Amino acid sequence: MNDVQTVQPAQSRFGLRRLTPAIGAEAIGVDLAAPLDDALFGEIQRAWHERCGLVFRRQWLDDLQQVAFAERFGELASTLKAYEGGKIHPALMYVTNEKKDGKYVGALPDGEMFFHSDMCYLERPLSAAMLFAIAVPPDGGNTLFASMYAAYDALPPELKHRLEGRLAVNSYEPGYGTSNVQMRIKASSSPTAHSFAHPIVRTHPATGRKALYVNRLMTECIVGMPRAESDALLLWLFDHQEQPQFQYEHRWEVGDLVIWDNRCTLHARRDFPATHLRKLRRVAVKGERPV
Ligand code: OGA
Ligand code: MN
């Protein structure tokens with residue numbers, strides 16, 4: 001499994017090492033700070049589509065070099081201007097617990113995060129996101145990635161059938177009471193709403209593969225299903241999709257760059273001590289409406 005040539009095409013210009021059977025590969029021998037020609041980028045993109053997430057170790061990218069690499073994947077998503085990174089480039093954001101004058105300078109500063117897909121509460125969620133490690137705690141703060149192709153493939157056939165054509169409401173503020181569900185579904189017709197109904201099973205536009213597209217952090221309910229039935233089915237799906245055999249757990253080192261396909265993976269974060277600096281530089285790519 002740890003063979004360098006496992007998913008490497010014959011004339012490849014870099015090595016590829018699978019990280020787990022279901023998801024992830026480490027690309028070896030690529031310098032992302034250097035300009036990438038189209039052929040090399042094409043190979044990176046193919047490997048990324050196949051493995052859903054790529055890890056590049058020992059990279060020394062500055063802000064704009066990371067932006068330039070991200071741009072190869074598509075139009076960048078802008079971040080909030082309030083964040084420090086946004087002042088350098090509109091697509092930059094720091095995921096960090098760093099503080100200046102007593103205030104956090106970035107996003108997602110502390111603690112564990114449940115599995116999720118970024119911006120699944122919008123009409124057009126992200127297609128890709130990448131994090132580059134600038135400072136990491138000695139322990140904790142690992143990021144977990146799970147293949148939703150593998151999770152879908154492993155569903156019992158009758159459940160695949162039951163989910164076909166079904167939508168689920170994803171929401172930015174999960175945990176709202178039942179009384180708000182109809183309101184949310186209505187609100188979700190606006191592209192700027194922080195709540196949106198998407199197919200539970202989506203088809204990836206590039207690979208044509210089906211992926212399970214719900215998550216514990218943000219999926220509220222299944223449209224048109226009695227609440228108790230929807231709650232029970234979603235809980236079953238969350239437990240199913242978070243099984244270890246679908247995952248890769250990334251232990252960060254300074255200089256790591258990880259890019260994930262946000263359409264066919266979920267990610268989560270383990271807790272880490274607030275006493276240590278954790279600083280990751282993040283750039284994300286706009287996506288299409290899931291179908
Ligand atoms: C993100 C995210 C996880 C982490 O940037 O979208 O979920 O490990 N980050 O910080
Ligand atoms: Mn996230």
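Residues numbered from 1 in each chain as written. Chains lettered and ligands numbered in written order. Predicted model: local features only at pLDDT ≥ 70, side-chain atom pairs only at ≥ 80, totals over all residues. Heavy atoms only, no water.

Enquirer: Any chance you could explain the overall build of the chain here in plain terms?
Expert: The helix and strand inventory of the chain stands at 7 helices and 18 strands. When each of the 291 residues of the chain is scored for burial, the buried share is 55%. Considering only intrachain contacts with a sequence separation of at least 6, the fraction spanning at least 24 residues in the chain is 77%. Split by element, the accessible area of the chain, about 13,300 Å² in all, is 54% carbon and sulfur. (Helix = DSSP H or I, 4+ residues; strand = E, 2+ residues; numbered from the N terminus. Buried < 20%, exposed > 50% of the residue type's maximum accessible area, 1.4 Å probe, protein only. Contact = heavy atoms within 4.5 Å. Areas by Shrake-Rupley, 256 points an atom, 1.4 Å probe, with all protein chains shown as cover.)

Enquirer: Help me understand the packing of aromatic side chains, please; the structure alone is not making it clear to me.
Expert: By convention here, two paired aromatic rings are described through the distance between centres and the angle between planes. The final tally for this structure, using the stated rule, is 6 aromatic pairs. On the basis of an interplanar angle of 90 degrees and a centroid distance of 5.3 Å, the ring pair of phenylalanine 69 and phenylalanine 73 is categorised as edge-to-face. Each member of the pair, phenylalanine 69 together with phenylalanine 73, is buried. Between phenylalanine 145 and tryptophan 260 the ring centres are 5.4 Å apart and the planes differ by 45 degrees, which places this aromatic pair in the tilted class. Highlighted residues: phenylalanine 145 in strand S9 (residues 143-147) and tryptophan 260 in strand S16 (residues 257-261), separated in sequence by 115 residues. In this pair, the class of phenylalanine 145 matches that of tryptophan 260, namely buried. Among the aromatic residues, those joined into a ring-pair cluster are Phe41, Trp48, Phe56, Phe69 and Phe73. Its guanidinium or amino end placed over the ring of phenylalanine 272, arginine 278 lies 5.2 Å from that ring's centre, counting from NZ or CZ. (Phe/Tyr/Trp six-rings, centres within 6.5 Å; stacked < 30°, edge-to-face > 60°. Lys NZ or Arg CZ within 6 Å of the ring centre and 35° of its normal.)

Enquirer: Is there a simple way to explain the coordination of the manganese ion (ligand 2) in this structure?
Expert: Ideal geometry at a metal gives 109.5 degrees between four tetrahedral donors and either 90 or 180 degrees between six octahedral ones. At this site the manganese ion (ligand 2) is bound by His116 (NE2), Asp118 (OD) and His267 (NE2), with donor distances of 2.1 to 2.2 Å. Sequence spacing among the residues donating to the manganese ion (ligand 2) works out to H-x1-D-x148-H. In this pair, histidine 116 is assigned in strand S7 (residues 113-116) and histidine 267 in strand S17 (residues 265-269), connecting sequence segments 151 residues apart. (Donors = N, O, S within 2.8 Å, 3.2 Å for Na, K, Ca; no water.)

Enquirer: For this particular structure, what's the right way to read the environment of glutamate 26?
Expert: By secondary structure assignment, the location of glutamate 26 is in strand S2 (residues 25-28). By relative accessible area, which is 8% here, glutamate 26 ends up buried. As for glutamate 26 and glycine 15, which are separated by 11 residues in sequence, their C-alpha atoms are 8.0 Å apart. Apart from the residues within four sequence positions on either side, glutamate 26 is in contact with Gly15, Leu16, Arg17, Leu19, Val55 and Arg57.

Enquirer: Would you take a moment to explain the pattern of salt bridges for this structure?
Expert: Proximity of charged atoms lets side chains of opposite charge pair with each other. All chains considered together, the criterion is met by 20 salt bridges. As a salt-bridge pair, aspartate 239 and arginine 216 come within 2.8 Å of each other at their nearest N and O atoms. Taken together, the residues span a long stretch of sequence, with aspartate 239 in helix H7 (residues 227-241) and arginine 216 in the loop between strand S13 (210-212) and strand S14 (219-222) at a distance of 23 residues. For arginine 216, a relative accessible area of 25% translates into the label partly exposed. Among the salt bridges present, the one from glutamate 288 reaches arginine 263, with a minimum N-O distance of 3.3 Å. Taken together, the residues glutamate 288 in the segment after strand S18 (279-286) and arginine 263 in the loop between S16 and S17 connect sequence positions 25 residues apart. The buried category is assigned to arginine 263, whose relative accessible area is 9%. The network of salt bridges with shared partners includes Arg202, Asp261, Arg263 and Glu288. (Salt bridge = Lys/Arg side-chain N within 4 Å of Asp/Glu carboxyl O.)

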